[in-house]
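For reference, the chains in residue letters:
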Amino acid sequence: MATGKVRYWAAAKDAAGVAEEAFDAVTLGELMTKITAGRDDLARVMRRSSFLVDGDPVGRRAHDDVVLGEGVTVEVLPPFAGG
């Protein structure tokens, strides 16, 4: 089990109620399940979001296939409006 931190941006930060929090999870899929449990607003935002793992985009990879290393930072980037 890896430990690290998840950082929320924009609407994800509002839905989570915090800017960042610690986690322990093996995969991005497991992390998403844990952090959205009982947090319906955050779950809605997460479904539309992109993710960076230590600065690398996850892209279209299955979240259960993205293994998280020890001390990793996962960033949640909801769609941004404006320009």
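Quick caveat, the model's predicted, so the values are computed rather than measured. (Residues numbered from 1 in each chain as written. Predicted model: local features only at pLDDT ≥ 70, side-chain atom pairs only at ≥ 80, totals over all residues. Heavy atoms only, no water.)

Asks: Is there a simple way to explain a nonpolar patch on the surface in this structure?
Replies: A surface patch of nonpolar side chains, about 300 Å² in accessible area, is lined by M1, V26 and V67. Within the secondary structure, M1 is located in the segment before β1 (2-8). When its relative accessible area of 58% is taken as the criterion, M1 is described as exposed. (Patch = residues over 30% accessible without salt bridge, like charges linked within 9 Å, V, L, I, M, F, W, Y side chains within 5 Å. Areas by Shrake-Rupley, 256 points an atom, 1.4 Å probe, with all protein chains shown as cover. Salt bridge = Lys/Arg side-chain N within 4 Å of Asp/Glu carboxyl O. Helix = DSSP H or I, 4+ residues; strand = E, 2+ residues; numbered from the N terminus. Buried < 20%, exposed > 50% of the residue type's maximum accessible area, 1.4 Å probe, protein only.)

Asks: What am I meant to see in the nonpolar core here?
Replies: It is characteristic of soluble globular proteins that their nonpolar side chains tend to be buried jointly. Formed by 22 residues in total, the largest nonpolar core has its most connected members in Y8, F23, L28, L31, L68 and V74. By residue number, the principal contributor to this core is helix α2 (residues 28-36), which donates four residues. Leaving out residues up to four positions away in the same chain, L31 has contacts with F23, A25, L68 and V74. (Core = buried A, V, L, I, M, F, W, Y, C linked by side-chain atoms within 4.5 Å. Contact = heavy atoms within 4.5 Å.)

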